[in-house]
Amino acid sequence: MTPSVRSRLWASATSFALGFGVGNYGVLQVPRPDQWVWIAVAVVLMLTGAAGVLFADTSRAVSFWAILGVEVFAVFTLVPLLWTFTVATTPEGATARTLLPQDISWSAFDGAISSGTLRSAATTSLLVALVATVVAVALAVPAAYALVRLQVRARRLVYGLVVAALLMPVLALAGPFADQLVSLGAYGSRLALVVPMLVVTLPLATWLCVTVMRDVPWTLLDAVRADGATRPQQLRRFAVPHLGPGVVAAALLVFVAACNDFALGAGLAPDRPSLPLPATLLVASRQVDGSSAVAAAGLLWLLIPLIVLLVLPRRINHLLGRSYR
Amino acid sequence: MTSIELRHLTTDGPGERPLLDDITLTVPSGSTLAITGPAGAGKSRLLRTIVGLEEQTSGDVLIDDIVVNAVDPRGRDVSMVFEDYALHPHLDVFDNLAFSSVLRKGVDKDAVSDRIHEVAELLALTDLLDLRPADLDEPQRQRVALGRSLVRDATVYLFDAPFTAQSERVRAHVRSVTMQWQAEASRTSIFTTNHVEEALSTADRVAVMHQGFIHQVGTPRELYDQPANMFVAGFLGSPPMNLVPAIPMGQQLVMPLATMLIDDDLAERIGERSVVVAGIRPEHCLDATGPGGPAVSDRVEFTTRIDDIEWRGSSQFAYLGYDIEPEIEAVMGEVEELLEFDLFQSFLVAQLPAESALRPGMSIRVVVPRQRIHVFDPETGENLTLPR
């Protein structure tokens, strides 16, 4: 038996055993209708096991450990989402007790959209994220150019600082920032959030733009210059086609990160008008009517990264280090 | 139509040695100069400085007798082919070829289109005009890069290793159509190559460059027959010139395999030097084994054993080994270290006609015409046999 066949058989056995366990527990312990979820998961796992045995001794380039991993990953990601969906669609007054939604009512989504609190919070978030992203990208592009292209002294150190800033616990800075804003008299204003938000966006934008800049075919710029392009022509003929898509993808990612920031929002905004959405959902959930509306708002907020991923999936995968080109 | 001149062009490098070392060159209008040298000689740097992409530390670049040091690449209007092709990945071959021509205002689009089709025909790109660079193979991409430059109207044309990716078969053809196209429009061109034969066969004049320094400029024949120094002698030609240590003793020069008589003139130039280097081209080693050998009156001859034979159809190489004393070997090692180039070997290569039935282990009598042997100073590399 070759090692790969043995490994496939082990993967099959593991997924069959897992499926068997999940199925038995579901049938014996879980009441309906959630029982069906358990049984479905068990069937998928056991089918994987069966397929693994069938294909173990073939030359197909599949890894059954990878398939099992994807299945486990999917369960652990989708179940919380499903739970959020169930909570969001539970009719007013009722409490969700099962994983599968019983009685779907969309009123919570209406509520979330029409709720003044959530609307103002979403506006704050989007506005702050937008301004912080624009400023950060405008600064990050030249910075990344210098880090990649120019023989700047200590550029490794600078790049190290950028990465360090990326890993910094933002929550620790929220307190000092708040004190500062209070003494400046700007505490509570929407735009006052932009400057602290740059702590999140600027290092991220620089880090992503460095990746963008590393991929640019720079001799092409030399060629375009040697061909006699003027500055505007260099911008239009070189920068737009070769830098544009990468920078846009980086900006979208930065925007999503800024939209999702919770720590700075919660720490720096005292009350409703300037509290961004993620912070509102946690801190001010009592001001919003019911957990359904909070869950619904959370699900709607999820649309932003989803849209971003749908717009430029390849670029974003590449930027995040998953290059498969 | 345009001449180019470089005066004492120097670019400081990060280390002690400059990247470009006091380069003075003239390329007359309508002529072709080949710059050849080993990798890392500074050839690309020199071209990039002429285009205006890199700045020199001192010295002048003149285009048509006008100093253009402060002029940007657009103002210099020099066309360049880059070693890594620098094609636009998002444009198809036609647009890539057109790119540099349409950057300037007031271009006659129809004329450009005609020229693109003409150039594409020459470089066998006609069927590929709608493809993107990613769909092409390496030689095709290189021809697109070359074509982009040929299509354009510029003052001077620089080609950085423009034929390297072409297969041996196509190479000569691509080279000749390129050079014909340039000659028809009497364009001034400079190309770099590390292929010695390419430089000798293609250009009007050749410059040998190494370590940022131009060792010699001249017509291919001048360089080959009268190399100014040991580096030029050892670099030009394949197989390269045999460089063997020689010890002057009175009227004689003692080499590992042979002894050569020297005349008063050469003896005077050798002077007090205790060791010199003798240079013998492989094709000047004639096989005189057996009766009816070549009739060379003024000759150096020796008999030795053949270590190995390399038969290559049109000719064959005989490798004749010899031993050198350790002290002399040390001197030669130092020279090689200084030059960062392997010049010396412990065998002599003789290029012989393919017909003669030679075998390793056989004894061979070799005759070399005496006036074909060059003598060099081992330290400065200066060619002592050249008439002053």
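Basis of the calculations
Residues numbered from 1 in each chain as written. Chains lettered and ligands numbered in written order. Predicted model: local features only at pLDDT ≥ 70, side-chain atom pairs only at ≥ 80, totals over all residues. Heavy atoms only, no water. Helix = DSSP H or I, 4+ residues; strand = E, 2+ residues; numbered from the N terminus. Buried < 20%, exposed > 50% of the residue type's maximum accessible area, 1.4 Å probe, protein only. Contact = heavy atoms within 4.5 Å. Areas by Shrake-Rupley, 256 points an atom, 1.4 Å probe, with all protein chains shown as cover. Lys, Arg positive; Asp, Glu negative; His and termini not counted. Charge placed at Lys NZ, Arg CZ, Asp CG, Glu CD. Buried area = accessible area lost by both parts, 1.4 Å probe. Salt bridge = Lys/Arg side-chain N within 4 Å of Asp/Glu carboxyl O. Polar contact = N/O pair within 3.5 Å; in protein donor to acceptor, adjacent residues only side chain to side chain. 1 Å grid on protein atoms, 1.4 Å probe; cavity = no way out; pocket = protein on both sides within 12 Å on 5 of 7 lines; lining within 4 Å. Points joined across faces, edges and corners; volume = space filled by probe spheres on them. Nonpolar A, V, L, I, M, F, W, Y, C, P; charged D, E, K, R; others polar. Patch = residues over 30% accessible without salt bridge, like charges linked within 9 Å, V, L, I, M, F, W, Y side chains within 5 Å. Phe/Tyr/Trp six-rings, centres within 6.5 Å; stacked < 30°, edge-to-face > 60°. Expected span 1.5 Å × (residues − 1). UniProt positions renumbered as here; feature names shortened; annotations may be inferred. Domains from an automatic or database assignment.

Draft legend 1. Structural context of the overall build of chain A. Counting secondary structure elements, chain A contains 15 helices and 0 strands. When its C-alpha atoms are laid out on the principal axes, chain A stretches across 70 × 60 × 35 Å. Within chain A, buried positions represent 40% of all 325 residues. Here the contacts in chain A between residues at least 6 apart in sequence split such that 71% fall between residues at least 24 apart. Summed over its atoms, the accessible surface of chain A is roughly 17,800 Å², and 69% of this surface lies on carbon and sulfur atoms. For chain A, the distance from the average site of its 22 positive side-chain charges to the average site of its 13 negative ones is 14 Å.

Draft legend 2. Quick look at the interface of chain B and chain A. Taken together, the 21 residues of chain B in the interface contact 15 residues of chain A. Surface buried jointly by chain B and chain A totals about 1,600 Å² across both partners, of which 57% is contributed by carbon and sulfur atoms. Across the salt bridge formed by Asp227 of chain A and Arg152 of chain B, the nearest N and O atoms sit 3.7 Å from each other. Here chain B is connected to chain A by 5 residue pairs in polar contact (both at pLDDT 80 or more).

Draft legend 3. Expanded view of the layout of surface pockets. Residues and elements named next belong to chain A. A volume near 600 Å³ is recorded for the largest pocket. Around the largest pocket sit 20 residues that line it, and Tyr145, Arg149, Trp218, Leu221 and Arg225 are the ones nearest its centre. At the level of secondary structure, the elements contributing two or more residues to the lining of the largest pocket comprise α5 (116-149), α9 (218-226) and α10 (231-259). It is α10 that provides the largest number of residues to the lining of the largest pocket, a total of 6 residues. Its residues assigned to classes, the lining of the largest pocket shows 12 nonpolar, 2 polar and 6 charged.

Draft legend 4. Structural context of empty space enclosed by the protein. Residues and elements named next belong to chain B. Applying the stated rule across the entire model yields 1 cavity of 30 Å³ or more. If you go around the largest cavity, the residues you meet are Val244, Met255, Pro256, Leu257, Ala258, Ile280, Val300, Phe302, Tyr322, Leu348, Val368 and Ile373. Among the residues forming the lining of the largest cavity, the class breakdown is 12 nonpolar, no polar and no charged.

Draft legend 5. Highlighting the side chain of Arg187 of chain B. Residue and element names in this part refer to chain B. Tracing the backbone through its elements, the reader meets Arg187 in the loop between α6 (168-184) and β8 (188-193). Polar side-chain contacts of Arg187 include one of 2.9 Å to the backbone oxygen of Arg152. Polar contacts involving the side chain of Arg187 include one to the side chain of Tyr157, which spans 3.0 Å. Excluding residues that lie within four positions of it along the chain, Arg187 makes contacts with Gly30, Ser31, Ser149, Leu150, Arg152, Asp153, Tyr157, Trp181 and Gln182.

Draft legend 6. Geometry of a nonpolar patch on the surface. Residue and element names in this part refer to chain A. Side chains of Leu78, Leu81, Leu302, Leu303, Leu306, Ile307 and Val311 sit close together on the surface and give an oily, nonpolar patch of about 600 Å² of accessible area. Contributing elements (two or more residues each) for the nonpolar patch: α3 (64-89) and α14 (303-311). For the nonpolar patch, the element with the highest residue contribution is α14, accounting for 4 residues. Among the secondary structure elements, Val311 is positioned in helix α14.

Draft legend 7. Examining the packing of aromatic side chains more closely. Under the counting rule described, the total for this entry stands at 8 aromatic pairs over all chains. Relative to Phe238 of chain A, the ring of Trp218 of chain A lies with its centre 5.8 Å away and its plane at 45°, an arrangement referred to as tilted. You can see Trp218 of chain A sitting in helix α9 and its partner Phe238 of chain A sitting in helix α10, a full 20 residues away along the chain. Given the relative accessible area of 12%, Trp218 of chain A is considered buried. Ring geometry for Phe231 of chain B against Phe341 of chain B: centres 5.1 Å apart, planes inclined by 70°, an arrangement best described as edge-to-face.

Draft legend 8. Spotlight on helix α5 (residues 138-151) of chain B. Residue and element names in this part refer to chain B. Along its 14 residues, α5 runs 20 Å from first to last C-alpha, staying within 8% of the 20 Å computed at 1.5 Å per residue. With 11 of 14 residues buried, α5 is to be regarded as a mostly interior element. Residues of α5 that are buried: Gln140, Gln142, Arg143, Val144, Ala145, Leu146, Gly147, Arg148, Ser149, Leu150 and Val151.

Draft legend 9. Representation of the UniProt feature "domain: ABC transporter" (unreviewed entry) in chain B. Mapped onto this numbering, the UniProt entry annotates "domain: ABC transporter" (unreviewed entry) at residues 4-236 of chain B. Taken end to end, residues 4-236 of chain B is 36% helix and 24% strand, and its first and last C-alpha atoms sit 25 Å apart.

Draft legend 10. Layout of the UniProt feature "transmembrane region" (unreviewed entry) in chain A. Residue and element names in this part refer to chain A. As recorded in UniProt, the feature "transmembrane region" (unreviewed entry) lies at residues 9-30, 36-55, 62-83, 126-148, 157-178, 190-210, 246-270 and 290-312. Annotated as residues 9-30, this span is 95% helix and 0% strand, and its ends, taken at the C-alpha atoms, are 30 Å apart. Annotation note: span residues 62-83, helix share 91%, strand share 0%, distance between end C-alpha atoms 32 Å.

Draft legend 11. Looking closely at the domain arrangement of chain A. Residues and elements named next belong to chain A. Domains assigned within chain A are domain 1 (3-105) and domain 2 (115-319). Domain 1 puts 6 residues into the contact, and the matching count from domain 2 is 6 residues. Inspection of the domain 1/domain 2 interface yields 0 salt bridges. Taken together, domain 1 and domain 2 are joined by 0 residue pairs in polar contact (both at pLDDT 80 or more). Here the side of domain 1 that touches domain 2 is composed, by residue class, of 4 nonpolar, 2 polar and no charged.

Draft legend 12. Main features of the side chain of Glu5 of chain B. Residues and elements named next belong to chain B. Note that Glu5 resides in strand β1 (residues 4-11). A polar atom in the side chain of Glu5 sits 3.1 Å from the side chain of Arg7. Those residues in contact with Glu5, other than ones at most four positions away along the chain, are Leu25, Thr26, Asp60, Val61, Leu62 and Asp65.

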